[in-house]
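Observations on the three-dimensional arrangement
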Amino acid sequence: MSFEERSKAAKEFQDKLFADLQAMGFNVALNGTEHTHPAFVSELHRSEDQTSMAIRYAPDGVACIGKIPRSFYVEAKFARTIERNAWIQYGKLVEAGNILVIVFGWENNTVFNFYENIKLIPGEISGLRYPAESRYPVEDGWIYPRKSKLWDNSKSPKASGTPYKEVDLNSLIPFSEFYKEIVNRLRVEQCPSMTSKRHFLQ
């Protein structure tokens, strides 16, 4: 799948995810300068100061539910990996007392969990699936594609090549449990029931 195809699939995944959350009874809105001022965010693509990083890696959306609504951040990831910079910024958001749910999707799979419950696989371990000559360098458990000569011959020249880790799928929850898990975490009262007959992500 090309970079353009992955970007299109990721956008479709996000749109369907947000529509399904709305159908469950959540009120959902896009979050971040990326959606309100994309040209501004584009200017920051090489910026690494804390404020710029927080803007660049703001979660995709926000959602709330309840008679007196309680809210949370939601990030849609059409992948089984996560970038180092994104993971760090999400951690700072959670450390400040915010709730962040990350929903991962690929092929016909959709799973999720709260940020603090998601486990990542060290690059030294996930890289063992590949021949030694095909592995990217690993530092502190993170895989660094750009630090390999292999990256120069990449078939996806528009890909970021930023450090990443694979997500431990055993730490994720089926999307069918989303409503129950979120409501239990928020401890909201008089939440609307899931009466919609639409097909939710599986």
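Below or above, wherever it landed, is the structure these notes cover. (Residues numbered from 1 in each chain as written. Predicted model: local features only at pLDDT ≥ 70, side-chain atom pairs only at ≥ 80, totals over all residues. Heavy atoms only, no water.)

Moving on: the overall build of the protein. On a plain count of helices and strands, the protein comes out with seven helices and eleven strands. Sorting the 202 residues of the protein into buried and exposed places 41% on the buried side. Contacts spanning at least 24 positions in sequence make up 64% of the contacts within the protein whose residues lie at least 6 apart. Counting only carbon and sulfur atoms, one obtains 50% of the accessible surface of the protein, whose full area is about 11,900 Å². (Helix = DSSP H or I, 4+ residues; strand = E, 2+ residues; numbered from the N terminus. Buried < 20%, exposed > 50% of the residue type's maximum accessible area, 1.4 Å probe, protein only. Contact = heavy atoms within 4.5 Å. Areas by Shrake-Rupley, 256 points an atom, 1.4 Å probe, with all protein chains shown as cover.)

Attention now moves to the pairing of strand β6 (residues 109–114). Where burial is concerned, most of β6 is hidden: five out of the six residues are buried. Pairing between strand β5 (residues 100–106) and β6: six bridges, direction antiparallel. By the bridge assignment, V103 is partnered in β6 with F112. In this structure, the hairpin formed by β5 and β6 is closed by a connection of two residues, where E107 is found at a positive phi of approximately 50 degrees. Bridge analysis of β6 against strand β11 (residues 173–174) gives two bridges, and the strand direction is antiparallel. Within the sheet, the bridge partner assigned to V111 lies in β11 and is P174. (Pairing = 2+ DSSP bridges.)

Scanning the model with the defined rule gives seven salt bridges in all. A salt bridge links K180 to E177, with the shortest nitrogen-to-oxygen separation between them at 2.6 Å. According to the relative accessible area criterion, E177 is partly exposed, its value standing at 26%. (Salt bridge = Lys/Arg side-chain N within 4 Å of Asp/Glu carboxyl O.)

Pairing is mixed across the open sheet formed by six strands, whose spatial order is β1-β2-β3-β5-β6-β11. Bordering the open sheet on either side are β1 (27–30) and β11, each of which pairs with just one other strand.

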